[in-house]
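Spelled out, the chains give:
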Amino acid sequence: MLLIPTIIKEIETVLSQVKENQLQNIAGQLQKAKRIFVNGEGRSGLMAKSFAMRLMHLGATVYVVGETITPSIEEGDLLVAISGSGTTKNVVWTAEKTNSLGCSVVAVTTNPESALAQAATTVLHVPAATKYRRENELKTIQPLGSLFDQCAHLVFDTLCLLYSALTQVDHDAAFGRHSNLE
């Protein structure tokens, strides 16, 4: 078995089930949000941070929940919460708290019936395998939640592409916001 072609096929299988019109809807929500907050734990949290970084390059006011410079969330703000299982306690609690404050929550998860999905105003279903290997999850050769995290990264990059089209931010403008302290 060739590993890279197998992994690519797994990713294609998952992403072919993600609805483009839903991504366009979420990109519109991102554009309309006063500020964007992202939240996740573990590798999914790293995908959230990479998403926040790219949104910053595209001109969004964006924060990572839990960082020392993250302000309180307010009306008009939007939270993007990511958890493969949809049960990660910190992520679910943050989504519930955000919802109780009247702010929008976009949940990115494999489980549209999860606690995270229930706390969200919009659910982006990414039907990949998680570390729990539930009966209805896609089979994968990869360990833990690798397939979900890979797909989430590509979904987030697609959202950024849609967002940049809506906000008319091109490569040169994004590059102007890229770190120059390297």
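Rules used throughout
Residues numbered from 1 in each chain as written. Predicted model: local features only at pLDDT ≥ 70, side-chain atom pairs only at ≥ 80, totals over all residues. Heavy atoms only, no water. 1 Å grid on protein atoms, 1.4 Å probe; cavity = no way out; pocket = protein on both sides within 12 Å on 5 of 7 lines; lining within 4 Å. Points joined across faces, edges and corners; volume = space filled by probe spheres on them. Helix = DSSP H or I, 4+ residues; strand = E, 2+ residues; numbered from the N terminus. Nonpolar A, V, L, I, M, F, W, Y, C, P; charged D, E, K, R; others polar. Pairing = 2+ DSSP bridges. Axes fitted to C-alpha atoms, helices over the stretch in contact; angles between N-to-C directions. Contact = heavy atoms within 4.5 Å. Buried < 20%, exposed > 50% of the residue type's maximum accessible area, 1.4 Å probe, protein only.

A word on the layout of surface pockets. Approximately 340 Å³ is the volume attributed to the largest pocket. Lining the largest pocket are 19 residues, and of these Glu41, Ser44, Lys131, Gly145 and Asp149 sit closest to its centre. Elements with a contribution of two residues or more to the lining of the largest pocket: α3 (42-57) and α6 (146-167). Among the residues forming the lining of the largest pocket, the class breakdown is five nonpolar, ten polar and four charged. Its volume calculated, the second largest pocket comes out at about 230 Å³. Along the wall of the second largest pocket there are 13 residues; nearest its centre are Arg54, Leu58, Ser164, His171 and Ala174. For the lining of the second largest pocket, the secondary-structure elements that each account for two or more residues are α3, α6 and α7 (171-177).

Moving on, we come to the sheet that holds strand β2 (residues 62-64). Taking strand neighbours across the sheet as the criterion, the five strands line up as β2-β1-β3-β4-β5 in an open arrangement whose pairing is parallel. The sheet is open, and its two borders are formed by β2 and β5 (122-125), each paired with just one other strand. The sheet shows a mean angle of 20 degrees between the axes of neighbouring strands, taken without regard to direction. Where helix α2 (residues 20-32) meets the sheet, it contacts β1 (36-39), β3 (78-82), β4 (104-109) and β5, and its direction lies at approximately 135 degrees from that of β5.

For the rest of this paragraph, the subject is the environment of Lys131. The topology assignment puts Lys131 in the loop between β5 and α6. A sequence separation of 14 residues divides Lys131 from Gly145, and the C-alpha atoms of the two residues are 4.8 Å apart. Those residues in contact with Lys131 that lie beyond four places of it in its chain are Leu144 and Gly145.

Although it is not a glycine, Arg133 adopts a positive phi angle of roughly 50 degrees. Along the chain, Arg133 falls in the loop between β5 and α6. At Leu144, a position not held by glycine, the phi torsion is positive, near 50 degrees. Examined against the element boundaries, Leu144 turns out to sit in the loop between β5 and α6. Accessibility expressed as a relative area gives 59% for Leu144, which makes it exposed.

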